[in-house]
Structure formats: structure tokens, C-alpha cells
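# Coordinate inspection notes
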Amino acid sequence: MEHRHAPPGVNSRSETAAQSAADLEVLREIEHIYFSPPSEFDAARYALEHAPSPPDCEAIDRMFTKLKRQQQVVSGKALHLISQQRDNCDREFAEIQNIREELSQTLDTCRKARERLKTASNHLTISTFVILANVRKRQIIKSVLKSLELLTSLRSVEKDVAELLSKKEYFEAIDLILKSKKAAANSKEYTCIADLNTRLQDTLDMTEEKLDSVLASLCHNFDEDVFRKLKKAYDLLGKTQAAMEQLHMHYSSAVNESALEAVKPFLSEHTIEMKFQEMCQSVPTNKAPVCLLNLCENLFHVMRSYYLLVTWHLKNEEIQPSSSVFDIEKNVSREYIKQKLKAGLLRIWHDVQAKVSIFLKSSGLEEFPFEKFIQMLGILRKLTQVAEIFCDDKSDLLQDFIKTQSVSYIKNYHRGRMEELKLFLENEGWEQCPVKTTFNVLNLQEFKQFRKFLNPKTDAVVKGTQSDATSSVTSQDDSVYIAKYFTQKSSRTPFEIFRNENVTNDDIFGLEPESEGSDESDDEPEELRRDFVEDTDILDYTTNEAQSSPSKIKDSVIVTNTTLSVLRNCGQYLQICRYLPQISLEVIMLMNQLFDYYFYAVHIFFTSDLDVASSTLYSTKLNLVLKRISNSINGADETKFECPSNPQHLDMNSESNLHGLSERIVGVESVIFLAKQFEFLQPYLESIVASHQRMILEHFRDNTLMVVDDLRMPVYMCSASKAVDARSALIAMSQVRWDVKNVAVEHSPYVDMIIRKIQVFALRLENVSSRITLNSRVVQSIWSMVSKFVVHLLVEGFSNATKCSNGGRGLMQLDYRQLFVKLEKISGLKPVPYQDYVDKYVKAYYLPRNELEIFVRDRNEYSSKHLLALVSCACENKRDRQALTAIIECRDGGS
């Protein structure tokens, strides 16, 4: 299609408002071909060719008029456009005039130069021209030599850069490359130098890769001098921020690589495709603690490197106030890097937490031995302390995970200890372990680390402030201890302490050794270090102790192997509290459960053959405690444990050993000793739990530990009630005539029979004291139960009397007073307890009617049988007898 030019001005925005509609119409009517260049278009010929046919004067005249009108409009339009461009035209003409003048001056200069050259050629000799030519050649040769030197230096840049990099002169290497590139850019006319410029760019790229690899190596071992040189080189390149971005990527990679390298040595086989979690799942359980230690050490190296990086920036990259644009840009860049580094602290710690959490989830914590579990807690505690120094983070995610896993582990471990305790109790020989009278939990190895907090001499310290061992907040000493490893340049880590097989918890917690002189009682006796104490140890130890009369020994410690096992378990549980104070209450409740189980087992073992009424033997609190423990043991699945079976290997029916009295004494007194140790631990336990949780511990102390002494009565009564044959004694008492008229001067025969039995009991009790160390409290408790049984026996025998005179009542008084005089001499108790029970009963025969009524109504310690017998003998009036009998029966019905 032929290109057609649009009429000028139709679409022009410069068209003025003065143009008339007619001119616009005429312009639109002009054929576009008329606007073609004259060289391509002949307007006259075109007009003739398109003249009217056949020729007609009027038509030709109209055509002429039309063309003339169109010419006038176009001419007017062109003139209008020319007038609009008048100023531009004038400027261009002025410029042309200036160029003409400069050309004239140039022409004049050239004319003068030719004239002078002509003059010189007429006056100078040929030798002068030779000199000028040589000078010109020398200048050319100098330029060539300079170019050759540049070429030589450019060709050796690669070698020089390599040498500088090997010397860690990174700034000089970059500076050399950049200067060489600039020099090469100024000599592009040489083809060889242009090629070298490309090689220099490749050298620069390779050098930047080398810098990046050195930068990545700093993630594992930060070197201030190397980093300073690297930063200076990146500053020269103008890539400081990009380098920091890349460095953070390297640190993330370093965390991942360090974790993989830590786990690989513990795998029997692994492939490149294995993920970190799969590798953790393949680590054998027995190697998991060491693997965790290795993992934490490797990750610490990365954390320390980043910590030193941040420290270096804070020390050397301070923002300088300035008003220059260049300095402002530098300060902005420094502030950006500073904020980036601070954010990187948390990001790296979260990466470390993630790796450790994945390992812990995959390592099977529930299968760890307790010692390894404690070691793991110690490692994780150090790791959380490291986090506080590293980024001031409390490690909530890791702490919550550790808490959840630890609670699960300790509950599973506790179930195993409960089953072990059941086995120990069922096979316990209930023989006294040889320990000193000053023995307590502090003598056990498991409590060695707690001596600082449990020793009475430091009680004020324990009560005044919560110990650093139980605080979840890192102490100042710990901070200094951990910070030391961040600042030192050696490869040591705070975790290296766990590689020492002889490490103690005090070492782990960074505690100073006790300054007090060592005391023999502070060391665990050699025999207690063994799992079980041999019988020969007991005999050797008690021989000397038994030399003194039991009633004269004020204090003695009676414990069993099982008692020591419970205490050792408690010491292990407290170690968990020390590492995880946030679960202290849960762990303490498990300790209390160990005590409850031991307490309940001793009760069911040694009171199962109790053949006397127990209503006066069990206190209200003791009944409540036993009921609570029974409900707990037989309760929900989580706390349900099988009760131990009654031991069949113990001889509890032989009179010669007082029906297992020595075993009963050891059992009860070991429980009491255990309760005292729990009371001893109470202030410390209260210090490691939250203030609102202490009420739970106080409730256990007041309603369980303080009630343990009450267990002596039912247990010792089992042997005391067999000291005298009740049936024979009652038969002998029934043969006595209580309706005598005169008061007897001699006591009844049954008194002598009871005294003989008591004397035999005393001799056998002496034999018992040769095997175990009886203190005065134990002896008093035993004789108190003998006395209690005797007075109840007397009341029972007196109540069997169908007839009783004043003389008979006098005989009763004579009998029991004579009996208690003898019993006082035999037992050493002054006065003999419970004699009021029989004394008041006998004297009640003499009470008048009104006082007797009060007696039978208020005296609940006597059975209805005893009171009915009293009323029957004391009341001769039938109506009074019936009234009092009705009161007694009414009381029984109401109860």
C-alpha cells in the first residue's frame, strides 16, 4: 500500500482557535497525494489528468477555483506555522553564523601555520628534522614500554593475588585486582589487554569465592584478625551488607553441618540421603547421652563464633555522628548490620533448639538409665545457661519440652522404683543396719550435693534465700562461668565437664567445695555403700551398743536396707528437682508416695495378727492417713500399685522371739526414722517449690509425718497382747471369789501368774535388745502396750464377776496395785501408764447413784459389757439398775 502523508495541522495541537470551520473543511477536502514530495509527484500533470471529461468551461472553472482556494488555505497555514517557528529559526541562523566565524578563524590559523612551516623549511637544516624525528620515536617507544610493563603486570596479577590470599592479605588482593582492572580499562586499544580484562574479572570472581569460603570457616572458629581483613576487603568491594547476609546463611548451614557431624560417629551406617531426624533415630540408646554431649559441644562452637562476631561489631563498629552524606550512608549500613546481628542471635539459638529437640524426641529418653538421664539434664541445663548468655533467651520451648519429657520419664522411673520397693519389702529381713547414732540423710552419697543446703549450720541461708541450685534463673556465678567459655580462644566448652567420669553434681552446678572441716559423720560408711548390709555387720555393730541397758539409751537409729533404698531414691529424685525446679512439686509428691507405700506396708505386715480391739490403738489421724494411702494405692491407673504380700519368711508366731517383736521394732522405728528424715528435708523442699504450693507440703508434714509415731501402738500391741495368755488369766480370775466379806491381806494367785509371764517377756525383750539397739522411747512404748493390755485384761476379768462385795472390791484394788508395783520394777516405767483405766473402773463401784449415772454415760472407753457388769454389782436397787442399764443401751443404740 502506498504511504500517504496526512495533511499538516489536522491532528496538530498547535492549531489555533482562530482557524475557521471553512478552512478546516477545505484542508480536509485536499487529496493526500498533493502533500507528496515534488520529486515523487507532479501536481500539474495530476490536475490535467483529472480534469473534467469531456472538457467543460464551467467545470474547469470550478476546478480552478477549488484548487486556488486550497492553495490559499495551505499557504496561509504554512505561513502561520513559519511564524510560530520564527524564534527557533533565528537561533539556528545565529548558530550557523557562529560556526562560520569559527571556521574563518580556523582557516586563518591553518594559513599562518603553513606560512611558518614554509619559513622553517627555508631556514632549518635536515639534521634538525632528524633530531625531532628521534624525539618523537623516543616518546612512542616510551609509550610502548609503558604498555608492555602494564601488560606484564596484568599477566602476573593472578599469581600475585594467589600469594596475597595465602598470606590472608585479602584487602591487598582485592585492591590489586581493582587497580589492574582500572588500568586495563584505560588501555582498551590493545587487543591483548582487552582479553586480560576478562581474565581479571574471572580472577575477581574467584577471589570473592575464596573470601566467601574463608567467611564460612569463621562460623566454626571466629578469628578477629581474619574477620577484620575480610571486612576491609568487602568494604573495598562495596559488598559489606551482602557479605553479612551471606554470613548468616553460612551460620545456618554451620548449625546443620555441626549437628550432622556430631551424630555420624555414633551410627553403624549412614547414607547421604539420611535426614537428621532419621540419623537421631538410628543412634543406639546406650550411646545417646554421649551423642547429645557431642551435639551440644559442636553447636556451642558455632554459637561461640557468632557471639564473638557480634561482640567484635559492637566494639569496633560504633556509629560516628557526622553530617556528610558518605558518613551518613556508612552509619546507616552499620546500624543495619547491628540489627541484623542481634536478630541473628535468636535465629541461631532457635536453630540450635530445634536440633536438640529433634534429637531428644528421637533418642528414646524413657530407656535411659537414671545416671544417664541426670547427666542429660545437666547437659541441657548448661545449654539453657548458654542461651541466656548468648541471646538472653529463657529457652521456653526447650524448657517446656524438657519438662514434659522429664515428667514422663520420672513417672515411668518412679513406677519401676515402686515395683522395686515392693520386691524389697516382701524380701526384707527387717534387721537393723549398723549405722551411728548421728546418722542421717546427709551421710548418703546421693545427698552429698545437698549438704550445703540441708546442714543446720546453714539453715538461715537456706531459709533466707532460695538456693542457686533450685532457681530457674542463672545465678551471677553461673553467668561468669559460662561467659568465660564464650570469650576464650581455646576449643574448650562448658560441656567438657560431663566427659569426666568422676564429675559430681556440685561440679556441674559450679559450686565451691564446703569450707568446713570434714567430719567423719559426713562420709557415708563403707558398709552403706553396698546394696545390702550383711548380718555379720549387724552383729558386730550391735554388740557394743547392747552393753548398755535399753532403757538408758536415749537415741538410736534403726534402719533397714529398704529404708536406705527409699532415702537413696529420694536423693535421686531431688537431683531432678535441682535440674528442673519447675517440676519440683510433682517430684516431691512421688517422694511422698514412696514414703506412703513404705509406711502402709509396715502397717499391714505387722498388724495383720492384731487380736485385740483396735479402737483405742488407732488415733483418728492415723486412721485417716491409712485410709488415704489405701485409696491412693488402689486408686487411678496412674497411681495404682499392687500392695506387697505378707512376708512368709518371717517367724511371727514363736513365743521365744516375742512373736517377731524385733522385726516389728525394726519396721516401725525405720518408718519413724524415715519420717524424721522427711521432716529434716522439709525446709529445703519448701524452698524449691512455689509459695502457693508449700501448703501441700505442710499438709503432708502435719497429717502424715507427724502421725507416724502413732503406729507404735497397734504394732507393739501385737506382741504385747501375747505376753500374757489372756484366756488362762481370765479363767484364773474367774476362780477368785469377789463376794468375800473381809478384805484380804494377800493378792490373788492370778497376779503371780501374770507377773511370771511379764518376767518372761522382760527376759526375752533383753534378748531382743542384744540383736537391735533399743532406745528408751522404744522400750517405753513396748511396756506401755504391755501395761495397756494388762489393764484391759484386768477390767475384762473384773467385769466377769457376777457378785462383788466391798471386800471383793478391796481385793481387786489390792491385786492391781500389787501387779503394777511389780510391773513398775520390771519395766522401769514410773508411773506405769494406763492404770487409771482399771483404777477408775474399780472405784466406780463406790460411786453414788447420780455420779454412777454420769460415769456410765460419759465413759466411752469402757465397753457396754463392762458398764453393765459394773451397774449389776454396784446397784442393789432394781429400779436404779434398770435406769442405768437403759442409759447404757441407749448409748450403744446412738453410737
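Look above for the structure.
What comes next is a walk through the structure.

The rules behind the values
- Residues numbered from 1 in each chain as written.
- Predicted model: local features only at pLDDT ≥ 70, side-chain atom pairs only at ≥ 80, totals over all residues.
- Heavy atoms only, no water.
- Helix = DSSP H or I, 4+ residues; strand = E, 2+ residues; numbered from the N terminus.
- Buried < 20%, exposed > 50% of the residue type's maximum accessible area, 1.4 Å probe, protein only.
- Contact = heavy atoms within 4.5 Å.
- Phe/Tyr/Trp six-rings, centres within 6.5 Å; stacked < 30°, edge-to-face > 60°.
- Lys NZ or Arg CZ within 6 Å of the ring centre and 35° of its normal.
- 1 Å grid on protein atoms, 1.4 Å probe; cavity = no way out; pocket = protein on both sides within 12 Å on 5 of 7 lines; lining within 4 Å.
- Points joined across faces, edges and corners; volume = space filled by probe spheres on them.
- Nonpolar A, V, L, I, M, F, W, Y, C, P; charged D, E, K, R; others polar.
- Polar contact = N/O pair within 3.5 Å; in protein donor to acceptor, adjacent residues only side chain to side chain.

## Focus on the overall build of the protein chain
- Within the protein chain, the regular secondary structure consists of 35 helices and zero strands.
- Taking all 895 residues of the protein chain together, the buried fraction comes to 44%.
- A sequence separation of at least 24 residues applies to 80% of the contacts in the protein chain between residues at least 6 apart.

## Digging into the environment of S784
- Within the secondary structure layout, S784 lies in helix α30 (residues 776-799).
- Residue S784 is classed as buried on the basis of its relative accessible area of 14%.
- Taking the C-alpha atoms as reference, S784 lies 7.4 Å from V832; in sequence the two are 48 residues apart.
- Once you skip the residues sitting within four places of it in the chain, S784 turns out to touch L829, P833 and Y834.

## A word on the packing of aromatic side chains
- Per the counting criterion, the structure on display carries 34 aromatic pairs.
- Ring geometry for W738 against Y750: centres 6.5 Å apart, planes inclined by 65°, an arrangement best described as edge-to-face. Note that W738 is positioned in the loop between α28 (726-734) and α29 (749-771) and Y750 in helix α29, a separation of twelve residues in sequence.
- Sitting over the face of the ring of F171, K232 holds its NZ or CZ atom 4.4 Å from the ring centroid.
- The ring of F450 carries the charged tip of R578 above its face, separated from the ring centre by 5.8 Å.

## With respect to empty space enclosed by the protein
- What the rule picks out here adds up to five cavities of 30 Å³ or more.
- Quantified by volume, the largest cavity comes out at close to 70 Å³.
- Elements with a minimum of two residues in the lining of the largest cavity: α9 (224-237) and α10 (240-263).
- Taken together, the residues that form the lining of the largest cavity break down as seven nonpolar, one polar and one charged.

## Overview of the environment of T563
- Counting through the fold element by element, T563 comes out in helix α22 (residues 561-579).
- For the pair formed by T563 and F424, sequence separation is 139 residues and the distance between their alpha carbons is 9.7 Å.
- For T563, the residues in contact, after removing those within four places along its chain, are Y598, S670, F673 and L674.
- Looking at T563, its side chain comes within polar contact range of the side chain of T560, at 2.8 Å.

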